[in-house]
Amino acid sequence: MARKVLGLAAAEQLSLLRIAILGLISVVAIGSRLYSVIRFESIIHEFDPWFNFRTTKYLVNNGFDSFWNWFDETAWYPLGRVVGGTVYPGIMVTSATIYNALHFLNIPVDIRNVCVFLAPVFSAFTAIATYHMGKEVKNATAGLLAAAFIGVAPGYISRGLRSSCSCSPSSCGCGRCGLGSALYAALTAVFYFYMVSAWGGYVFIINLIPLHVFALLAMGRYSNRLYVSYSTFYVLGTLASMQIPFVGFQPTRTSEHMAALGTFGLLQLVAFAHFARTLVPQHHFQVLLRGAVVSLFVVGLGGLWTGRFYSLWDTGYAKIHIPIIASVSEHQPTPWPNFFFDLNFLIWLLPAGIFFSFRELTDNHVFLILYSIFAAYFAGVMVRLILTLTPIRTYLNVKDVEAAGSEAEAVPVAKTEAVAGVPAAEQISVSKSGKKGKGKKSEKTEEPAKSEPAPSSKPATAPGDERWNEELVVMANFLYLLFMFQWHCSWVTSNAYSSPSVVLASRSPDGSQHIIDDFREAYYWLRQNTKPDAKVLSWWDYGYQLAGMADRTTLVDNNTWNNTHIATVGKILASDEDTAYELARRHDVDYVLVVFGGMLGYSGDDINKFLWMIRIAQGVYPDDVEENAFFTGRGQYSIGDDASPTMKRSLMHKLSYYRFSSVMGGQGMDRVRRQPLPTEVTVDNFEEAFTSENWMVRIYKVKDLDNLGRSHHKVADFVGRP
Amino acid sequence: MSGSSAAEIVSKLAADYIDETPQKLKLIDSYMVFCVVTGLVQFLYCVLVGTFPYNAFLAGFGSAVACFVFAANLRIKNQPKERRPVLGLASRVPAFAEFVFCHILLHFVVANFLG
């Protein structure tokens, strides 16, 4: 079997194959994220990225210094927002760097395209980082399998770039403990810095790594390697993270970071105790130190937890105390089907993976176990955190697949891996890019052939017929699972995670696709037909899009840093027309924008979000807004003629249903709520300015005061209503 | 633990240290002591006078702590053979090179943080 192929020795062939497979995985990881770009066009689809896009544009146009000092007076009117100090600049800086580099090479790309394709490209890096972590934990083949999993796992696709950033430090974090090298620890700190600069989820890592170290200490597994890697990482990483203005001095002040600090101190003391013990072999010191140190750690942990993080521990906390957090759908507890939907068979192999990690309890495996347990818990609490779970799932499942091989006993671990690794990669390449897959297949078939010698040499001890059968059964099972996994992932990605929220698609009965582009229609109308300094009031979900697409001043946006201001907007929308008019004029509002899905059956509209607005407003203005008043006498959330008087009087209700029955007719139904429409809706203080094609976006102008000082109701009575 | 036994332990420790430690390590140790003293002085200043330029304090204190840690790393890797831990991949990189690399990184950050 040791013959040469392409003039390469066996080991060289192996590394060539690994590189080829890894390359293919990267291609697939990129490809599977491009469904929406291909189906629709290269635009930014979600809410938050619009802000990244806008800031990147600002960064490219105005340079780094003015970006750092950027005070954005068009957001959070009239408060404004210190963008430089309230942003995680990693993504913007990265895209701006790429943009500038490409332009330096005379490749004229648009900033928008850089932003759109950044996430897919980073997913390829994720796959590579995953490979290295897998390699660290087990070996190269395991790494490949893990990379293949992560490349297509839908749980990761649903959150583009952030996930990739989170992966690198965690992989380094794990590599760290095995290496015990200050150099690697320093590099980990650099990655950690990058992750801090990219999103707030770094808190997860900075708690997990100390926890790992603490667990190792508690297990009596202190080693000098541990000291070297953790101390170096912590010192450098913490100092570096404080360079981000938004993080600032938090690492020394808030309790989220205290565990890391405490562990650092503990580690110093333990290290000193060890050092002392090498000189004086007596246990007095340790006893003394441990007592002091454990109490230190407990004190460090026992601080106050800030709201957003506290809500991680108690699923009900946010709902009770901070409605704004609970109102975000990403913050809801994860429903069970979601786990399976996002992770497929990875989910039920997880416990087995933990089991196998326990059987061979190395330092790295302790990290895996801790990571998986915590990630599983957090993923259960908040939907968005499912992404922290995804990477660890993939590692543990790789272990399963391997372990299943060794359980069958006839199959040495190496072989299962090799065989399992190939179909995973191969199947992707086939399913994704037919052309390329063919070319690679021929290459790939070499690997089983190549890895054959190792297995055949080992089972020479017991190569019985029955064992061969067992081996076949296990292999067939896992092959089937891997194929199903790929199938499922492709399907989920293309169907569930590639439908953008800016552009909607529907299919007419004959199967032709119909694009619903109301959002952009309305935003563009605002851009074209309103004064450049017009203030638009809308619920905060649409703030970033308004700023990005319509380029108009907004009162609140997705940053949600000021709960009171959001509550004020909620109060305006929830109160009756006259109060709302007065408040809106006081806030210089020129236009009010509401999203209405009753015509199309678009369920994510403002009437469905209305309860959250009421709750948030009630949290700040309990005297003016009362949630119960919006329900009917029987406690129903109704919008028709049987709705409660408060509901019918509220601005949101009026702006949504104004003139709607004229389109739907007297017997009309609201297609989202499936309720009959209210028959009479009058709006006097606001003037309908624009309604998009499918009535999804409705924009109203706040009327000026009447010239003769009359109220608008009187004017309407006098002039007559349409 | 009684006072006399503690005193014994300390004196024994000191004696063992002076006898057994190579000159090179003693040099590193004195540097580490210097780092601790620097850090303590800054901390005392912080306690007595106040934290006003907090970033400067953090940068100074952090750099003292970091210097201590890096020196400790250097020391661990320069221990006499019989005590040196198994370091795996790390042993391929010279300890001093790591020391220098970490310091470059550290002072880049610290200088930026001083403001």
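Scroll up to find the structure this text is about.
Source: prediction; values computed, not measured. (Residues numbered from 1 in each chain as written. Chains lettered and ligands numbered in written order. Predicted model: local features only at pLDDT ≥ 70, side-chain atom pairs only at ≥ 80, totals over all residues. Heavy atoms only, no water.)

Participant: Could you give an account of the overall build of chain A, naming the residues involved and the relevant values?
Facilitator: When helices and strands are tallied, chain A shows 35 helices and 11 strands. Burial status across chain A gives 57% buried among its 722 residues. Taking as baseline every contact in chain A between residues at least 6 positions apart, the subset at least 24 positions apart corresponds to 71%. Looking at chain A as shown, the accessible area adds up to about 30200 Å², and 59% of this sits on carbon and sulfur atoms. (Helix = DSSP H or I, 4+ residues; strand = E, 2+ residues; numbered from the N terminus. Buried < 20%, exposed > 50% of the residue type's maximum accessible area, 1.4 Å probe, protein only. Contact = heavy atoms within 4.5 Å. Areas by Shrake-Rupley, 256 points an atom, 1.4 Å probe, with all protein chains shown as cover.)

Participant: Would you mind going over the sheet that holds strand S11 (residues 697–702) of chain A in detail, with residue names and values included?
Facilitator: All names here are of chain A. A sheet is described by the order of its strands in space; here 5 strands give the open sequence S6-S5-S7-S11-S10, paired in mixed fashion. Two strands bound the open sheet, and with one partner strand each, they are strand S6 (553–554) and strand S10 (686–691). Here strand S5 (residues 535–537) runs beside S6; their pairing, made up of 2 bridges, is parallel. If you follow Val-536 over to S6, its bridge partner there is Thr-554. (Pairing = 2+ DSSP bridges.)

Participant: Residues and numbers for the packing of aromatic side chains, please.
Facilitator: Residues and elements named next belong to chain A. Throughout the structure, instances matching the rule amount to 26 aromatic pairs over all chains. Ring centres 6.3 Å apart and planes at 65 degrees place the aromatic pair Phe-631 and Tyr-637 in the edge-to-face group. For the pair Phe-631 and Tyr-637, a shared accessibility class is recorded, and that class is buried. Put simply, the rings of Tyr-230, Phe-233, Tyr-234 and Phe-264 touch in pairs and so form one group of aromatic residues. Over the aromatic face of Tyr-621 sits the side chain of Lys-571, whose NZ or CZ is 4.6 Å from the ring centroid. The lysine or arginine in question, Arg-615, covers the ring of Trp-612, its NZ or CZ lying 4.7 Å from the ring centre. (Phe/Tyr/Trp six-rings, centres within 6.5 Å; stacked < 30°, edge-to-face > 60°. Lys NZ or Arg CZ within 6 Å of the ring centre and 35° of its normal.)

Participant: Account for the side chain of Ser-638 of chain A, with residues named and values stated.
Facilitator: Tracing the backbone through its elements, the reader meets Ser-638 of chain A in the loop between helix H31 (606–620) and helix H32 (645–649). Within the structure, Ser-638 of chain A has its side chain in polar contact with the side chain of Asp-642 of chain A (distance 2.7 Å). (Polar contact = N/O pair within 3.5 Å; in protein donor to acceptor, adjacent residues only side chain to side chain.)

Participant: Go over the environment of Asp-48 of chain A, please, and point to the residues and values.
Facilitator: With respect to the helices, strands and loops of the structure, Asp-48 of chain A is situated in helix H3 (residues 48–68). Asp-48 of chain A sits 494 residues away from Tyr-542 of chain A along the chain, and the two C-alpha atoms are 9.4 Å apart.

Participant: Summarise the packing of H3 of chain A against helix H4 (residues 90–104) of chain A; cite the residues concerned and give the values.
Facilitator: Residue and element names in this part refer to chain A. The contact between H3 and H4 brings their axes to 9 Å, and the two run at 75 degrees. Judged by the inter-axis angle, H3 sits roughly perpendicular to H4. Contact residues: Phe-51, Asn-52, Thr-55, Thr-56, Leu-59, Val-60, Phe-64 and Phe-67 in H3; Ile-91, Met-92, Val-93, Ser-95, Ala-96, Tyr-99 and Asn-100 in H4. Tallied by class, residues from the contact of H3 with H4 come to 10 nonpolar, 5 polar and no charged. (Axes fitted to C-alpha atoms, helices over the stretch in contact; angles between N-to-C directions. Parallel < 35°, antiparallel > 145°, perpendicular 65-115°, else oblique. Nonpolar A, V, L, I, M, F, W, Y, C, P; charged D, E, K, R; others polar.)

Participant: Before we move on, could you go through the environment of His-103 of chain B and cite the residues and values that matter?
Facilitator: Residues and elements named next belong to chain B. If you trace the backbone, His-103 turns up in helix H4 (residues 95–114). For His-103, a relative accessible area of 12% puts it in the buried group. Spatially, the C-alpha atoms of His-103 and Ser-63 are 9.2 Å apart, while their sequence positions differ by 40 residues.

Participant: Can you explain unusual backbone geometry? Please cite residues and give values.
Facilitator: Residue and element names in this part refer to chain A. Following Tyr-77, the chain continues into Pro-78 via a peptide bond in cis, with omega recorded as 0 degrees. Mapped onto the secondary structure, Pro-78 falls in the loop between strand S1 (71–72) and strand S2 (81–82). We note that Asn-106 has phi near 60 degrees; this positive angle belongs to a residue other than glycine.

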